[in-house]
Amino acid sequence: MVRLNVNGSVREVEVEPDTPLLWVIREQIGLTGTKYGCGIAQCGSCTVHIDGAAVRSCSMPVSSVTAEQKIVTIEGLSAGASHPVQKAWAQLDVPQCGFCQPGMIMASAALLAQNPRPSEAEIRAEITNICRCGTYNRVLAGIQLAAEGGESGRG
Amino acid sequence: MTTTTPRSSAPSRRFVLGGLAAAGGLGLGFHVPFLPPAAAQGAATSTPEINAWVVIKPDETVVIRIARSEMGQGTLTGLAQLVAEELSCDWSKVTTEYPTPGQNVARGRIWGDYSTGGSRGIRESHEYVRKGGAAARIMLVEAAAKGWGVPAGECRVEKGVITHSASGRTTTYGAVAGDAAKLTPPKDVVLKDPKDWTIAGKPVARLDTLPKVDGSQIYGIDLTMPGLLNAAIKDCPVTGGSVKSFDAKAVEGMPGVRKVVQVGDSAVAVVADTFWRAKTALDALPITWDEGPNARVSSADIAAMLAEGLDAKEAYVGNKGGDVAVALSSAAKVVEATYGFPFQNHATMEPMNATVRWTPERCEAWAPTQNGEGALAAVAEASGLSASKCDVHKQLLGGGFGRRGATHDWLRQAVMIAREMPGTPIKMIWTREEDMIHGRYHPVTQCRMRAALDEKGELTGLHMRISGQSILASVAPNRMVDGKDPVVFQGLNPSGPEAAIGYTIPNLLVDHAMRNPHILPGFWRGVNMNPNAIYLECFMDELAHAAGQDPLAFRLKLMGNHPKHRAVLQAVADKVGWGTKPADGIHRGLAQMMGFGSYVAAVAEVSVDGEGALKVHRIVAATDCGHALNPQQIDAQIAGSFVYGLSAALYGECTVKDGRIEQTNFDSYPVMRMDAMPKVESIVIPSGGFWGGVGEPTIAVAAPAVLNAIFSATGKRVRQIPVKNTDLRRA
């Protein structure tokens, strides 16, 4: 039995202790917004927050997370997609296929929590998630828009 | 992004309804047997449809049916814009749904072609979807007019509100939809003049964004349903090999495991309650492969096979004019270079997956497919049931890029697994590793370029010999022409709206020596345009250099008969200030190409430091796609094309050792990330009068523009992709 605090509620799951947190979130808890993309912490599609920090959950055994640590997934980031990053994403139409975007958004939200006004160079260095559709320039603009908390034009 | 003013608009045209179902059908080589039309019925709603394309609910929600697949390229929104424009509905009330391919077959293919590849989603269905919207509008207005007892001609409609001008009475689409559904469809309709568009041609927001930012979007990999089990699969790592043996007993007692099954001749799958448990057991399963006849093939063998084709006597001719042999033998100067392009994996972010439930009476699949009808054909074949007993529920794709349209190899596997457990829905997911080593790869080619220059440095002859793989020979042999694969010549054709060369060269020969290694090819976003643009556009740069001429001026002299090619090239040159000196350390390169019905060009600005580190700073790119349906989404496709195209140019390479692909994940198959992403300034030129594709064309110019800029920076010609294998330090 593993106890996890996910999006503010305590969950108990029966699972092998070496199961990656990603698959526990997806299969035992049933939150599928967190995606599988590579399984080796390369692509970032599985990014969640643990105590506010961005973590690639595909490479973290569930046994290494304690019941006290607060896990937040894309579903728990905000009510009604109201987080500034999500609002900026919607305003700029950032997603294309969208598969990597929950991970992008979680990584971006964690960056802004830690560094509310990152420079362009800092954003480029910190956001290492892979997007194959190629949304990077709108991701960059989205983070900058969210950091400003203001409005900006498209594209 | 800048959008230039339209120079012209297509005039209104009258269309006769009745030929709707005849559209399309080329597909990707699939033919689903037609069934007799069933009684007309709504696809997925209980509200009666106005026609096949439009359902309007009492609450004014407008449901627009979409036949093509959304995989990020924006076709869902674009096609809805076209229907909504002619429908004159309230755009804020629009939602969409996919009719299943089974319903399409049952209704005589009323929704036309489902295949979504070759950037054809909008450019090949714009006419009949607009007619669908217009016909629905006419019926809705007629229903209102009948209710009022007035002629329909006295009524007007705006944003779904119908007004009788004389009496001032109004009603809404939702109120009259039930009556409209009972009317006879109009015989012919007049489409709007594009200059009057208010929804089409505008940078409206995508319809599918919100679920993609709050995590609620369900992809195929996320599906669940009562009783669902998960499967993990391993196919023989060497194509052409098979399963010799496996020891199911070794893993049958592992947590969650329900069954171990052989899948066809060459694969083994484990079915378990969760995917992670299925994968864990599969990793522990002892499997012995018979690796078959290709088990010793290496990249060097394949390169040698292609190199032989460069000099082969026999080759298929794709474009011929004048006598290139005479031109070469009488040239003042002959310039020659050999280029090469490797295997590359599509690497969609969502790995291949499918969910299938099979019983002896019926087989249903939930599949992220680019071609619903192709998927239905694959399900019917693999299930052993007729197509009328099968259906496919299309899922939004987590990337497609051509991998999910043509072969459906992954879907057949899922059906075969599901047949082993009748009645139980099975979700099969490929690991990233399985996805990397069992791709349908960008075809491998080499190309020898040989050109004749006269005393003044003018180009008098060009022989372009492509040697290498044919996609159609593997994927759709029925589309080959007398043994020739016309796709190989994309962008090099003498004429035509699809992919014509942009230069007039007095003596020209483009030919192809087909050499097909065992690694399976597939359509890969941009397809043969990608290597062909590198070969042609980098070599044009080499020729300009050999002739002592500016690369832009050298090209423009050959483009007098190709005004649209020339216009996009001139547009990027003007915007970047070609001919002015760039900032210190910055070097420029340019390229142009035409394909998928559109004209594209780019200038790249790069720097290469003393350590040989390349940085692409800025791209200026122009697209003339005729009618620009959604400029902000075209901008997104242009920017994204540089990620896909530069990932391919800079890093993309799948190598072969012992018959198998060596790269297994993103650590060994690097792709572009944000740190390497250049600024992209797009120029959309809505010249009107034709419909070109958008998702693919720009990829072709990404690589040659950057490669030409690298030469400008370093004096080095990178002729073998990817760039990462070349030391860029100045010699």
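This structure is a prediction, so every number in the text was calculated from the model and none was measured.

**Remarks on the side chain of R618(B)**
Residues and elements named next belong to chain B.
So, step 1. Mapping R618 onto the fold places it in strand 27 (residues 614–624).
So, step 2. One polar contact links R618 to E681, side chain to side chain, over a distance of 2.7 Å.
So, step 3. Excluding anything up to four places from it in sequence, R618 contacts K575, V576, V603, A604, E605, P678, K679 and E681.

**Overview of the sheet that holds strand 7 (residues 155–158) of chain B**
Either a parallel or an antiparallel arrangement is found when strands of a sheet pair, and the pairing is made through backbone hydrogen bonds.
All names here are of chain B.
So, step 1. Spatially, 7-8-9 is the arrangement adopted by the three strands of the open sheet, whose pairing is antiparallel. Each edge of the open sheet carries a strand with a single partner, namely strand 7 and strand 9 (169–172). The mean angle between the axes of side-by-side strands here comes to 25°, regardless of whether they run parallel or antiparallel.
So, step 2. Pairing of strand 8 (residues 161–164) with strand 9 involves four bridges; the strand directions are antiparallel. Each bridged residue has a counterpart across the sheet, and for I162 the counterpart in strand 9 is T171.
So, step 3. Across the sheet, helix 3 (residues 126–148) touches strand 7, strand 8 and strand 9, and the angle it forms with strand 8 is around 45°.
So, step 4. The sheet contacts of helix 4 (residues 173–180) involve strand 7, strand 8 and strand 9, and relative to strand 9 the element is tilted by about 75°.

**Thoughts on the packing of helix 3 of chain B against helix 4 of chain B**
Residue and element names in this part refer to chain B.
So, step 1. Direction vectors running N to C along helix 3 and helix 4 enclose 95°, while the axes themselves pass 8 Å from each other. Between helix 3 and helix 4, the angle falls in the class roughly perpendicular. Contacts from R137, M139, L140, A143 and A144 in helix 3 reach Y173, V176, A177, D179 and A180 in helix 4.
So, step 2. Its residues assigned to classes, the contact of helix 3 with helix 4 comprises eight nonpolar, no polar and two charged.

**A word on the domain arrangement of chain B**
Residues and elements named next belong to chain B.
So, step 1. When cut into domains, chain B gives domain 1 (10–200), domain 2 (220–292 + 352–429) and domain 3 (299–344 + 441–725).
So, step 2. Each of domain 2 and domain 3 has a C-alpha centre, and the two are 37 Å apart.
So, step 3. For the pair domain 2 and domain 3, the summed buried surface comes to about 760 Å²; carbon and sulfur atoms form 62% of the total.
So, step 4. In this assembly, domain 2 and domain 3 are joined by one salt bridge.

**Quick notes on the domain arrangement of chain A**
Residues and elements named next belong to chain A.
So, step 1. The assigned domain composition of chain A is domain 1 (2–75) and domain 2 (84–148).
So, step 2. Between domain 1 and domain 2, the contact holds 16 residues from the first and 13 residues from the second.
So, step 3. Joining domain 1 to domain 2, the criterion identifies zero salt bridges.
So, step 4. Secondary-structure elements contributing two or more residues to the side of domain 1 that touches domain 2 are strand 3 (47–50) and strand 4 (53–56).
So, step 5. Here the element with the most residues in the side of domain 1 that touches domain 2 is strand 3; it accounts for three residues.

**Here's the deal with the interface of chain B and chain A**
So, step 1. Contact with chain B, which involves 62 residues of that partner, is made by 52 residues of chain A.
So, step 2. Taken over both partners, the interface formed by chain B and chain A buries close to 4600 Å², and the fraction arising from carbon and sulfur atoms is 54%.
So, step 3. Looking only at chain B, the three residues that lose the most surface to chain A are W276(B), M349(B) and M674(B), adding up to 19% of its buried area.
So, step 4. Where chain B touches chain A, the interface holds five salt bridges.
So, step 5. Here chain B is connected to chain A by 32 residue pairs in polar contact (both at pLDDT 80 or more).
So, step 6. By residue number, the principal contributor to the side of chain B that touches chain A is helix 16 (residues 631–650) of chain B, which donates 10 residues.
So, step 7. Residue composition of the side of chain B that touches chain A, grouped by class: 31 nonpolar, 17 polar and 14 charged.

**Points about the sheet that holds strand 24 (residues 507–514) of chain B**
All names here are of chain B.
So, step 1. Taken in spatial order, the five strands make up an open sheet running 16-24-23-22-17, and their pairing is mixed. Where the open sheet ends on each side, the last strands, each with one partner, are strand 16 (316–321) and strand 17 (333–341). With strand direction ignored, the average angle separating the axes of adjacent strands in the sheet is 10°.
So, step 2. Sheet analysis places strand 22 (residues 445–453) next to strand 23 (residues 459–468), joined by nine bridges and oriented antiparallel. Within strand 23, the position partnered with L453 by the bridge is L459.
So, step 3. Relative to the sheet, helix 13 (residues 529–547) contacts strand 17, strand 22 and strand 23, its axis offset from that of strand 17 by approximately 150°.

**Structural notes on the UniProt feature "domain: Aldehyde oxidase/xanthine dehydrogenase a/b hammerhead" (unreviewed entry) in chain B**
So, step 1. UniProt's feature table lists "domain: Aldehyde oxidase/xanthine dehydrogenase a/b hammerhead" (unreviewed entry) at residues 214–293 of chain B, given in the numbering used throughout.
So, step 2. Annotated as residues 214–293 of chain B, this span is 12% helix and 36% strand, and its ends, taken at the C-alpha atoms, are 49 Å apart.

**Let's talk about unusual backbone geometry**
Residue and element names in this part refer to chain B.
So, step 1. Omega for the bond connecting I721 with P722 falls within 30 degrees of zero, at 5°, which places this linkage in the cis form.
So, step 2. Within the element layout of this structure, P722 appears in the segment after helix 17 (699–714).
So, step 3. Unlike most non-glycine residues, V527 shows phi in positive territory, near 50°.
So, step 4. In this fold, V527 is placed in the loop between strand 24 and helix 13.
So, step 5. On the basis of relative accessible area, V527 is assigned to the buried category, the value being 5%.

**Quick look at the packing of helix 13 of chain B against helix 17 of chain B**
Residue and element names in this part refer to chain B.
So, step 1. For the pair helix 13 and helix 17, interaxial distance at closest approach is 8 Å and the crossing angle is 30°. The angle between helix 13 and helix 17 places the two elements in the roughly parallel class. Note that helix 13 runs across helix 17; the crossing there is right-handed. Where helix 13 approaches helix 17, its residues M529, N530, A533, I534, E537, C538, D541 and H545 are matched on the opposing element by I699, A700, A703, P704, L707, N708 and F711.
So, step 2. Looking at the contact of helix 13 with helix 17 residue by residue, the class counts come to 10 nonpolar, three polar and two charged.

**Some details on the state of the cysteines**
All names here are of chain A.
So, step 1. Counted according to the given criterion, the structure contains zero disulfides over all chains.
So, step 2. Looking at C38, it has no disulfide partner, and the nearest cysteine sulfur is the one in C43, 3.9 Å off.
So, step 3. For C38, a relative accessible area of 2% translates into the label buried.
So, step 4. C58 takes part in no disulfide bond, and the closest cysteine sulfur to it belongs to C46, at a distance of 3.8 Å.
So, step 5. Look at C58 and you get buried, because its relative accessible area is 7%.

**Digging into the packing of aromatic side chains**
So, step 1. As enumerated under the stated definition, the model contains 12 aromatic pairs over all chains in all.
So, step 2. Between Y339(B) and Y535(B) the ring centres are 6.1 Å apart and the planes differ by 50°, which places this aromatic pair in the tilted class. Remark: Y535(B) occurs in helix 13 and Y339(B) occurs in strand 17; sequence separation between them is 196 residues.
So, step 3. In this structure an aromatic cluster arises from ring pairing among W23(A), Y36(A), F275(B) and W276(B).
So, step 4. Its guanidinium or amino end placed over the ring of Y98(B), K394(B) lies 4.1 Å from that ring's centre, counting from NZ or CZ.
So, step 5. It is R717(B) that lies over the ring of F711(B); its NZ or CZ is 3.6 Å from the centre.

The rules behind each value
- Residues numbered from 1 in each chain as written.
- Chains lettered and ligands numbered in written order.
- Predicted model: local features only at pLDDT ≥ 70, side-chain atom pairs only at ≥ 80, totals over all residues.
- Heavy atoms only, no water.
- Helix = DSSP H or I, 4+ residues; strand = E, 2+ residues; numbered from the N terminus.
- Polar contact = N/O pair within 3.5 Å; in protein donor to acceptor, adjacent residues only side chain to side chain.
- Contact = heavy atoms within 4.5 Å.
- Pairing = 2+ DSSP bridges.
- Axes fitted to C-alpha atoms, helices over the stretch in contact; angles between N-to-C directions.
- Parallel < 35°, antiparallel > 145°, perpendicular 65-115°, else oblique.
- Nonpolar A, V, L, I, M, F, W, Y, C, P; charged D, E, K, R; others polar.
- Domains from an automatic or database assignment.
- Buried area = accessible area lost by both parts, 1.4 Å probe.
- Salt bridge = Lys/Arg side-chain N within 4 Å of Asp/Glu carboxyl O.
- UniProt positions renumbered as here; feature names shortened; annotations may be inferred.
- Buried < 20%, exposed > 50% of the residue type's maximum accessible area, 1.4 Å probe, protein only.
- Left-handed = near helix turned anticlockwise from the far one by under 90°.
- Disulfide = S-S within 2.5 Å.
- Phe/Tyr/Trp six-rings, centres within 6.5 Å; stacked < 30°, edge-to-face > 60°.
- Lys NZ or Arg CZ within 6 Å of the ring centre and 35° of its normal.

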